[in-house]
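As a plain string of letters, each chain reads:
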Amino acid sequence: MRQSVRVVVALQRRSLNEILRVPGGAVPGVLAPTIFLIGLSGVFGAAAQLEGFSGDFKSFIVPVGLLQGASFTGAATGVNLARDIEQGWFDRMLLAPVSRTTLLIGVVASAALRSLLPGIFLLAVGFSIGVDWPGVLELAIATVLVSGMAAAVACWATALALKFRTQQAAPLMQIGGFVAVLFTTAYAPAPLLSDWLRTLADLNPVTRVIEGIRQGFVGDVTWATTWRAFAAMIFLQVVLGLVALRGMRRADG
Amino acid sequence: MTRIVLALAQRALRNALRRPQYLAPLIIFPSLFLAVNTGGLERTTELPGFPDVRGFLDFQLSAAITQSLLIGGVQAGIAQALEIEGGFFDRLATSPIPRTAIVFGRVLATVPLALFQVAAFLVIGLAFGAHIEGGWAGVALVLLIGSVAGAGFAAIGVALALRARNASLVQGIFPIAFVVLFLSSAFFPRDLLSAPASWIAAYNPLSYIAEGMRNPIIASISSEAVLEGLAAAAGLLGVMVGISIAALRGRLREA
């Protein structure tokens, strides 16, 4: 157990080292969600005048930016793993006396940690342009949900990296999280969505996560919204984690 | 000169068509945004000040086309940068051809692609219930403005590639292209944008390009909107081809 924890920590440190050594590589993933927030609120801000919207559009859209950041970070983890596979570094990891589960947890935990970077940047910019302060508890809930979603997307991206074993699969890794976040109540409350999108958003577990993060930014925290958000996040982590673990075990060759 | 430009354009187009990973983002990303924007914000057409349109999809079509053409410009830049990285550019530079043909060939290759992109989004729009109020003349005008704008965006990509000489750096401008598009009236009426987007949109050529293509889709053709769109697209093309040629000369001097 202690050995596994050390491996997970080492993999996290390696992932953080990449940010320090190749900061240019992390910049698009950090900037893009904030650009998305500023762009969407500047363009669609008037939508908050519609009946059924509560709060201003900037605060409403913050969870979307936070989850976009988590999604980009999760996808980047898969792209980095694909690069490690191409360069042979991952084969050396497979030869190490470490269980596949520990390797997966290390890769995924590093995504969870790295997702805090775009999140902090986005919130700093968001608060400076007038996003409502949600409160400490609300922010803590949002942090756990954002990190958790980054881990879930990292599982998806890891499974794809292990399947295709090339960085050329990057668009597939990116588009999964991107679509999952947007086809929710991302832009408007459910009653204002068109019928087809409302049905899709209702089936999409990420909708629960977005609404869990949105508490505090818009409205108050409720137990019902919170537990549904955590249940949806854990469901995604378990399902996508099992898929990734299957890929990890098959990587034995 | 014309023969060489055509040959280089043909080569660039063939290479693009051979790589589906090159073509897929041109349609997939803007289609996803089109679907989400339309599904999530269709009720915004009820806002005071929103132009009279049959539906939000009609309004959003030109935004999706502009977005797709911008991605096409980034792709053209990446293709140019890959030729520099791979050494093909150096071979062209040492061959007995007018050097400007390198820029003109690449830019020309995007015209048929841009026509395909515009046509694809018009078909997608019609399939999901959009209307083109300007009829066939309107379709022709959207194709015309789209093809000129597509060539202009490709010239931006080429200029960047000649400066950066690195495909990943050119890829890095992708989010910036989005910022510039957000700071225009491509997605929402100019009167309903919040500051500072509303101020910048007034000077952003993308606003005029998107509005020029939007006009024949949502209303009977207005010569003012269409001519402004065409002028913005042609101006962008002229300026960016000039900058690309200057970048090419700088690159050749350094070589």
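Before reading on, note that the structure itself is shown above.
This structure is a prediction, so every number in the text was calculated from the model and none was measured. (Residues numbered from 1 in each chain as written. Chains lettered and ligands numbered in written order. Predicted model: local features only at pLDDT ≥ 70, side-chain atom pairs only at ≥ 80, totals over all residues. Heavy atoms only, no water.)

Asks: Please explain the overall build of chain B as it appears in this structure.
Replies: Check the secondary structure of chain B and you find 11 helices and 0 strands. Shown N-terminal to C-terminal, the secondary structure of chain B runs as helices and strands in the order α-α-α-α-α-α-α-α-α-α-α. Projected onto its principal axes, the C-alpha coordinates of chain B cover approximately 60 × 35 × 30 Å. When the 255 residues of chain B are sorted by exposure, 56% land in the buried category. Residue pairs at least 24 apart in sequence account for 79% of intrachain contacts in chain B once pairs closer than 6 positions are excluded. Carbon and sulfur atoms form 65% of the exposed surface of chain B, whose accessible area is close to 10600 Å². Taking the average location of the 17 positive side-chain charges in chain B and that of its 13 negative ones, the two points are 19 Å from each other. (Helix = DSSP H or I, 4+ residues; strand = E, 2+ residues; numbered from the N terminus. Buried < 20%, exposed > 50% of the residue type's maximum accessible area, 1.4 Å probe, protein only. Contact = heavy atoms within 4.5 Å. Areas by Shrake-Rupley, 256 points an atom, 1.4 Å probe, with all protein chains shown as cover. Lys, Arg positive; Asp, Glu negative; His and termini not counted. Charge placed at Lys NZ, Arg CZ, Asp CG, Glu CD.)

Asks: What am I meant to see in the overall build of chain A here?
Replies: Along the backbone of chain A there are 11 helices and 0 strands. Going residue by residue from the N terminus, the α and β elements of chain A occur as α-α-α-α-α-α-α-α-α-α-α. Taking 18 Å as the expected radius of gyration for a compact globule of 253 residues, we find that chain A reaches 18 Å, a close match to that expectation. Over its C-alpha atoms, taken along the principal directions, chain A stretches across nearly 60 × 35 × 35 Å. For chain A, buried positions account for 56% of its 253 residues. Taking all contacts inside chain A whose residues are at least 6 apart in sequence as the whole, residues at least 24 apart take part in 81%. Accessible surface for chain A amounts to roughly 11200 Å². Of this, 65% is attributable to carbon and sulfur atoms. One way to put it: in chain A the 19 positive side-chain charges average out to a point 14 Å from where the 13 negative ones average out. (Rg over C-alpha atoms; globule rule 2.2 N^0.38 Å.)

Asks: Hey, could you run me through the interface of chain A and chain B in this one?
Replies: Taken residue by residue, the interface counts 28 residues in chain A and 26 residues in chain B. Carbon and sulfur atoms supply 79% of the area buried between chain A and chain B, which totals about 2400 Å² over both sides. When residues of chain A are sorted by the area they lose upon contact with chain B, Val43, Phe44 and Tyr187 of chain A head the list and together hold 24% of the total. Across the chain A-chain B interface, the total number found is 0 salt bridges. At the junction of chain A with chain B, the criterion picks out 3 residue pairs in polar contact (both at pLDDT 80 or more). Elements supplying a minimum of two residues to the side of chain A that touches chain B: helix 2 (23–44), helix 8 (170–182) and helix 9 (195–203) of chain A. Sorting elements by how many residues they give to the side of chain A that touches chain B places helix 2 of chain A first, with 9 residues. Split by residue class, the side of chain A that touches chain B holds 21 nonpolar, 6 polar and 1 charged. (Buried area = accessible area lost by both parts, 1.4 Å probe. Salt bridge = Lys/Arg side-chain N within 4 Å of Asp/Glu carboxyl O. Polar contact = N/O pair within 3.5 Å; in protein donor to acceptor, adjacent residues only side chain to side chain. Nonpolar A, V, L, I, M, F, W, Y, C, P; charged D, E, K, R; others polar.)

Asks: What is the right way to read the nonpolar core from this model?
Replies: Burial of nonpolar side chains together is a common tendency in soluble globular proteins. In terms of nonpolar packing, the biggest core is built from 160 residues, with Phe44 and Tyr187 of chain A together with Phe188 and Ile209 of chain B touching the most fellow members. The dominant element in this core, judged by the number of residues it contributes, is helix 7 (residues 136–164) of chain A, at 16 residues. Setting aside residues no more than four positions away along its own chain, Phe188 of chain B makes contact with Val43, Phe44 and Ala46 of chain A together with Thr44, Leu47, Phe50, Phe56, Phe59 and Leu193 of chain B. If you look at the next biggest cluster of nonpolar residues, it comprises 6 residues, including Val74, Ile78, Ala167 and Val170 of chain B. (Core = buried A, V, L, I, M, F, W, Y, C linked by side-chain atoms within 4.5 Å.)

Asks: Whenever I open this one, the packing of helix 5 (residues 100–114) of chain A against helix 6 (residues 116–128) of chain A confuses me. Can you help?
Replies: All names here are of chain A. Running from N to C, helix 5 and helix 6 point in directions that differ by 10 degrees, and their axes come no closer than 5 Å. With respect to helix 6, the axis of helix 5 lies roughly parallel. Of the residues in helix 6, those touching helix 5 at Ala112, Leu113 and Arg114 are Leu116, Leu117 and Pro118. Tallied by class, residues from the contact of helix 5 with helix 6 come to 5 nonpolar, no polar and 1 charged. (Axes fitted to C-alpha atoms, helices over the stretch in contact; angles between N-to-C directions. Parallel < 35°, antiparallel > 145°, perpendicular 65-115°, else oblique.)

Asks: Mind showing me how you'd approach the packing of helix 5 of chain A against helix 7 of chain A here?
Replies: Residue and element names in this part refer to chain A. Following both chains from N to C, one finds helix 5 and helix 7 inclined at 135 degrees, their axes separated by 7 Å at the closest point. When the interaxial angle is binned, helix 5 and helix 7 end up oblique. Handedness of the helix 5/helix 7 crossing: right-handed. Contact residues: Leu104, Val107, Val108, Ala111 and Ala112 in helix 5; Ser147, Ala150, Ala151, Ala154, Cys155 and Thr158 in helix 7. Class assignment of the residues belonging to the contact of helix 5 with helix 7 gives a composition of 9 nonpolar, 2 polar and no charged. (Left-handed = near helix turned anticlockwise from the far one by under 90°.)

Asks: Would you explain helix 7 of chain A in this entry?
Replies: Think of an α-helix as turning once every 3.6 residues; residues three or four places apart then point the same way. Residue and element names in this part refer to chain A. Helix length check: helix 7, at 29 residues, gives a terminal C-alpha distance of 42 Å against a target of 42 Å (1.5 Å per residue), a fit within 8%. Here helix 7 lies mainly inside the structure; 21 of its 29 residues are buried. Phi turns positive one or two residues past the end of helix 7, at Arg165, with a value near 55 degrees. (Expected span 1.5 Å × (residues − 1).)

Asks: Any chance you could explain helix 11 (residues 223–250) of chain A here in plain terms?
Replies: Residue and element names in this part refer to chain A. Look at helix 11: 40 Å from first C-alpha to last across 28 residues, which is about the 40 Å you get at 1.5 Å a residue. For helix 11, every residue scored as buried is listed here: Thr226, Ala229, Ala232, Met233, Leu236, Leu240, Gly241, Ala244, Leu245, Gly247 and Met248. Where helix 11 is buried, its residues meet helix 4 (89–95), helix 5, helix 7 and helix 10 (205–214).

Asks: Help me understand a nonpolar patch on the surface, please; the structure alone is not making it clear to me.
Replies: Residues and elements named next belong to chain A. Together, Met1, Val5 and Val9 make up an exposed nonpolar region whose accessible area comes to about 330 Å². Here Met1 is to be found in the segment before helix 1 (2–21). For Met1, a relative accessible area of 82% puts it in the exposed group. (Patch = residues over 30% accessible without salt bridge, like charges linked within 9 Å, V, L, I, M, F, W, Y side chains within 5 Å.)

Asks: In this structure, what is going on with the pattern of salt bridges? I would like to understand it.
Replies: Where charged atoms of side chains with opposite charge meet at close range, the side chains can pair. As enumerated under the stated definition, the model contains 9 salt bridges over all chains in all. Close ionic contact of Arg14 of chain A with Asp84 of chain A constitutes a salt bridge, the shortest N to O distance being 3.1 Å. Placement of the pair is Arg14 of chain A in helix 1 and Asp84 of chain A in helix 3 (residues 57–87), with a sequence separation of 70 residues. On the accessibility criterion, Arg14 of chain A (28% relative accessible area) is partly exposed. The exposure class assigned to Asp84 of chain A is buried, which follows from its relative accessible area of 6%. Glu46 of chain B serves as the salt-bridge partner of Arg43 of chain B, at 3.0 Å between the closest nitrogen and oxygen.

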